[in-house]
Structure formats: structure tokens, C-alpha cells
Amino acid sequence: MIVTAEELKNYSDVVSSDDSMIELMITAAQEIVQNYLGYRIEANDYQDTLDGNGEESINLGVKPIKDVSQLVIDGETMDVSLLVPMKEYLIFPNYIFTAGSLNIKVLFRAGYENNEIPAVMKLTVIRIAALLLSEGSGHIGVSSISDGNTGSRTFMERSFKRYLRELSAYRVSKW
């Protein structure tokens, strides 16, 4: 997870002894963000087989690409030192990813290391997790509630679009 229970508690003034519920909300919020982005946020190693497109670049569908350890095109192992990773694209200057069906195999690392995760991603996960926590105590779908002891609270509808919109620059391009 890219956010800790302590960070969420500090952001939302959550006072709970049930850290497992807080962690569940953080996990759910991170999944919502990752579904919007189209990839896992945290750095991972990938092995993929792709269709060649007859162009100098190919979309790996994950970003940012950190490192490519192996590239095989039409059974030929290529020199990975010539590759230029750019966001979710792998650019092979002066060479073509020959068109074909599942003719490209690539081993690579992509995503953000813990110290590189953009602050806006972390903040979005925290915000969504805090909203998910606010649904507790039977307040699911409630638009507002008034309590003489704690005052009034308004709950947002179940749309996270306004928070996710801030991450649009980090989404993967559609193929």
C-alpha cells in the first residue's frame, strides 16, 4: 500500500483501534485509483508478450517504465541498451517493432518506487479512503446528517471523479 494507516488517521482525524478496517479502506481506495490509472502504482517486474505494430514505439500499458532487461522480437534477442523508455511507451530508434501476433516478448520493471510516488497519488488514495471510512456507522448513501453532539456532516455521493480527475496526467494512453 502506498499510504499507511497512520497517514490516513492524521489526515482524517480517524480514531479507531481497528487498524484492519482502516487498512481495508486504504486498499480499496488504492484499487479505485489503480483502476482509474490503468496500472498498479507500486513498482513491479513484468513479463509480457505483445503484438508487434510495425512502428518504432510500442505501448506496454504500464508506467513509468523503469528498466527493460530483455526484449525479443520475432525470436531475436535485441540490445536493450538502444531502447528509450518514455512513460508507458518503449521506443526503439531506427528499428521497427515488426507487425505480428504475439511476436514481441519483453521483461521490464515499471511503476513507482516508494520514494517516487507522486504526492497527488498518495493524497487521492487518502481522500478516497477517508470518504470510504465516513460511510461507517450506517451512513452509507446518506447525503447529510445532523447530530446535536457533533454538529452536521455532509457525505459525498459515491463518485470519486472529482478526486480522480487530478490524476489524469498519470493515466496510460489508450491503444
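Presented here is an overview of the structure given in this document.

Thresholds applied
Here the residue numbers are simple positions, counted from 1 along each chain's written sequence. Under the rules for a predicted model, residues below a pLDDT of 70 receive no local features and side-chain atom pairs below 80 are neither given nor counted, while totals for whole chains, interfaces and linings still include all residues. The basis for every side-chain value is the complete set of non-hydrogen atoms in the structure, without hydrogens or water. For two strands to be treated as a pair, DSSP must find at least two bridges joining them. Put simply, DSSP H or I for four residues or longer makes a helix, DSSP E for two residues or longer makes a strand, and each gets a number counted from the N terminus. Angles here are taken between N-to-C directions and fall from 0 to 180 degrees, while the axes themselves are lines fitted to C-alpha atoms, restricted in helices to the stretch in contact. Here the expected span of a helix is defined as 1.5 Å times the quantity of residues minus one. To sort residues, take the accessible area from a 1.4 Å probe on protein chains only and compare it with the maximum for the residue type: under 20% means buried, over 50% means exposed, and anything in between is partly exposed. Between two residues, a contact is recorded if the distance between any of their heavy atoms is within 4.5 Å. The cut-offs work like this: below 35 degrees is roughly parallel, past 145 is roughly antiparallel, 65 to 115 is roughly perpendicular, and the gaps in between are oblique. The sense of a crossing depends on the near helix, which, turned anticlockwise from the far helix by less than a right angle, makes the crossing left-handed and, turned clockwise, makes it right-handed. Within 6.5 Å between ring centres, the rings of Phe, Tyr and Trp (the latter by its six-membered ring) count as paired, and their orientation is classed by plane angle as stacked under 30 degrees, edge-to-face over 60, tilted in between. The rule for a charge over a ring is simple: NZ of Lys or CZ of Arg within 6 Å of the ring centre, and within 35 degrees of the ring normal.

**Focus: the sheet that holds strand S2 (residues 57-59)**
Then step 1. Sheet architecture is open: three strands sit in the order S2-S6-S5, paired in antiparallel fashion. Each edge of the open sheet carries a strand with a single partner, namely S2 and strand S5 (84-86). With strand direction ignored, the average angle separating the axes of adjacent strands in the sheet is 20°.
Then step 2. Note that S5 and strand S6 (residues 89-91) share three bridges and pair antiparallel. Each bridged residue has a counterpart across the sheet, and for Val84 the counterpart in S6 is Ile91.

**Focus on the pairing of strand S3 (residues 65-73)**
Then step 1. Direction of pairing for S3 relative to strand S7 (residues 100-110): antiparallel, over a ladder of seven bridges. Looking at the pairing, Asp67 lines up with Arg109 of S7.
Then step 2. Relative to strand S4 (residues 76-77), S3 is paired through two bridges, and the arrangement is antiparallel. Bridge assignment links Val72 to a residue of S4, and that residue is Thr77.
Then step 3. What sits between S3 and S4 in their antiparallel hairpin is a turn of two residues, with Asp74 showing a positive phi close to 50°.

**Concerning helix H2 (residues 19-37)**
Then step 1. With 19 residues, H2 extends 27 Å from end C-alpha to end C-alpha; this agrees with the ideal 27 Å at 1.5 Å per step.
Then step 2. Taken residue by residue, H2 has Ile22, Met25, Ile26, Ala29, Gln30, Val33, Gln34, Tyr36 and Leu37 as its buried positions.
Then step 3. Contacts from the buried residues of H2 go to helix H1 (5-12), helix H3 (119-134) and helix H4 (161-164).
Then step 4. Gly38 sits one or two residues past H2 and shows a positive phi near 95°.

**Structural notes on the sheet that holds strand S1 (residues 44-52)**
Then step 1. Read from one edge to the other, the open sheet built from four strands follows the order S1-S7-S3-S4, with strand pairing classed as antiparallel. With one partner strand each, in any of the chains shown, S1 and S4 form the two edges of the open sheet.
Then step 2. The pairing of S1 with S7 spans eight bridges and is antiparallel. Paired with Asp48 across the bridge in S7 is Val106.

**Quick look at the packing of H2 against H3**
Then step 1. Where H2 meets H3, the closest approach of the two axes is 8 Å, and the angle between their N-to-C directions is 125°. By the criterion of interaxial angle, the relationship of H2 to H3 is oblique. Relative to H3, the crossing made by H2 is right-handed. On H3, the residues that touch Ile22, Met25, Ile26, Ala28, Ala29, Gln30, Ile32, Val33 and Leu37 of H2 are Met121, Thr124, Val125, Ile128, Ala129, Leu132 and Leu133.

**Points about the packing of aromatic side chains**
Then step 1. Applying the stated criterion across every chain, the model contains three aromatic pairs.
Then step 2. Their ring planes at 55° and their centres at 5.9 Å tell us that Phe92 and Phe97 sit as a pair that is tilted.
Then step 3. Given a relative accessible area of 0%, Phe97 falls into the buried group.
Then step 4. Over the ring of Tyr36 we find Arg171; its NZ or CZ atom is 4.0 Å from the centre of that ring.

By themselves, these observations are geometric and do not establish any function.
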